[in-house]
Amino acid sequence: MRELNETLAAWRAEGQGIGRAIVVRTFGSAPRPEGAVMLVAQDGRLAGSVSGGCVEGAAFEEVERARQTGQSRVIRYGISDEQAWDVGLACGGTIDVLMQPEVPDVAVEAAAGRAGVAVVTPLPADSPGPAFGAHPPGEGSAPAEPLTVTEAGALEGTLGDPALDTLLVGAAREALDAGTSRTIELGDG
């Protein structure tokens, strides 16, 4: 999301409400990696990409839906390589995209340069699991409060179970070391 920091700051300075879509899982030859972000301003502007053009229109509509309902939810989108080629795209693949009604403040702070901090976004309970296959979208839920983990291993927030918190800190530190976004399964989520 750091590549969108200037846009995010400008839109916030204008007083725009800003929702977002984030790739949280990929299968196959997906065009964008986990962590790819698309921002949607209240006035209809968008910045970033979750699929290189394949599902941006649908993702835009889902972010607008999230803004109206106040619910976050994960939608699974898929397109075969053959279908992608037919419409002029280099690859297909399947992606799970988290739709959020607004960008949490802690994510804004992290994007603004709070280096060495992983922002952990709990997914709605009805999100698709890690297994490949069709998954009809659920209704989602109110956005969960994000957690943060520093490079030193300090956790702000809790999953409610000390053992899960320890696993979360380890996974977040690995992602920080690798400089990547990733989705992990802990407990039932």
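Computed from a prediction, not measured in an experiment: that's the story for all the values here.

Here we look at the sheet that holds strand β7 (residues 147-150)
Logical step 1: Ordered by their spatial adjacency, three strands build an open sheet running β6-β7-β8, and the pairing between neighbours is antiparallel. Only two strands of the sheet have a single partner each, and these edge strands are β6 (117-120) and β8 (155-156).
Logical step 2: Both β7 and β8 contribute to a ladder of two bridges, which runs antiparallel. Each residue of the ladder has a partner; that of V149, found in β8, is L155.

Quick look at the pattern of salt bridges
Logical step 1: For the structure on display, the rule yields ten salt bridges.
Logical step 2: Residue R45 pairs with E14 through a salt bridge whose shortest N-O separation is 2.4 Å. Note that R45 is positioned in the loop between β2 (37-41) and β3 (46-48) and E14 in the loop between α1 (5-13) and β1 (18-27), a separation of 31 residues in sequence.
Logical step 3: The salt bridge involving D43 is made with R45; its shortest N-O contact spans 3.0 Å.
Logical step 4: Judged by relative accessible area, which is 44%, D43 ranks as partly exposed.
Logical step 5: Look at the salt bridges and you will find they share partners, linking R25, R76, D96 and E185 into a network.

Some words on the side chain of D165
Logical step 1: Residue placement: D165 occurs in helix α5 (residues 162-178).
Logical step 2: Lacking a salt bridge, the buried D165 has R173 as its closest oppositely charged neighbour, with an N-O distance of 14 Å.
Logical step 3: Once residues within four sequence positions are removed from consideration, D165 is found in contact with L155, T158, L159 and G160.

Things to note about the confidence of the model for the protein
Logical step 1: For the protein, the mean per-residue pLDDT works out to 86, and 89% of the residues sit at or above 70.
Logical step 2: Between the elements of the protein, mean pLDDT differs from a low of 51, seen in helix α3 (residues 81-86), to a high of 95, seen in β2.

Considering the layout of surface pockets
Logical step 1: Quantified by volume, the largest pocket comes out at close to 1400 Å³.
Logical step 2: Contributing to the lining of the largest pocket are 49 residues, with V119, V120, T121, S181 and R182 lying nearest its centre.
Logical step 3: Elements with a minimum of two residues in the lining of the largest pocket: β1, α4 (105-111), β6 and α5.
Logical step 4: In terms of residue count, the dominant contributor to the lining of the largest pocket is α5 (six residues).
Logical step 5: Class assignment for the residues of the lining of the largest pocket results in 30 nonpolar, ten polar and nine charged.

Details of the environment of G15
Logical step 1: Within the fold, G15 resides in the loop between α1 and β1.
Logical step 2: You can call G15 exposed: its relative accessible area is 57%.
Logical step 3: Separated by 27 residues in the primary sequence, G15 and Q42 place their C-alpha atoms 9.3 Å from one another.

Conventions and cut-offs
- Along each chain, numbering runs from 1 in the same order as the chain's sequence is written.
- Restriction of local features to residues with pLDDT of at least 70 applies here, the model being predicted, together with a cutoff of 80 or more for giving and counting side-chain atom pairs; totals for whole chains, interfaces and linings are based on all residues.
- Excluded from the side-chain calculations are hydrogens and water; all other atoms, namely the structure's heavy atoms, are used.
- Two strands are counted as paired when DSSP detects at least two bridges linking them.
- Each helix corresponds to a stretch of at least 4 residues labelled H or I by DSSP, and each strand to a stretch of at least 2 residues labelled E; elements are numbered beginning at the N terminus.
- The salt bridge criterion pairs a side-chain nitrogen of Lys or Arg with a carboxyl oxygen of Asp or Glu, the two atoms within 4 Å.
- Relative accessibility under 20% of the residue-type maximum defines a buried residue, over 50% an exposed one, and the middle range a partly exposed one, all with a 1.4 Å probe and only protein chains included.
- Working convention for charge: Lys and Arg count positive, Asp and Glu count negative, and His plus the chain ends are omitted.
- In this analysis, two residues are considered to be in contact whenever any of their non-hydrogen atoms come within 4.5 Å of each other.
- On a range of 0 to 100, pLDDT expresses the predictor's confidence in each residue.
- Here a cavity means grid points, on a 1 Å grid over the protein atoms only, where a 1.4 Å probe fits yet cannot get out; a pocket means an open set of points with protein on both sides within 12 Å along at least five of seven lines; lining residues are those with an atom within 4 Å of a point.
- Grid points are joined across faces, edges and corners, and a volume is the space filled by probe spheres set on the points.
- Classification used: nonpolar for Ala, Val, Leu, Ile, Met, Phe, Trp, Tyr, Cys and Pro, charged for Asp, Glu, Lys and Arg, polar for all others including Gly.

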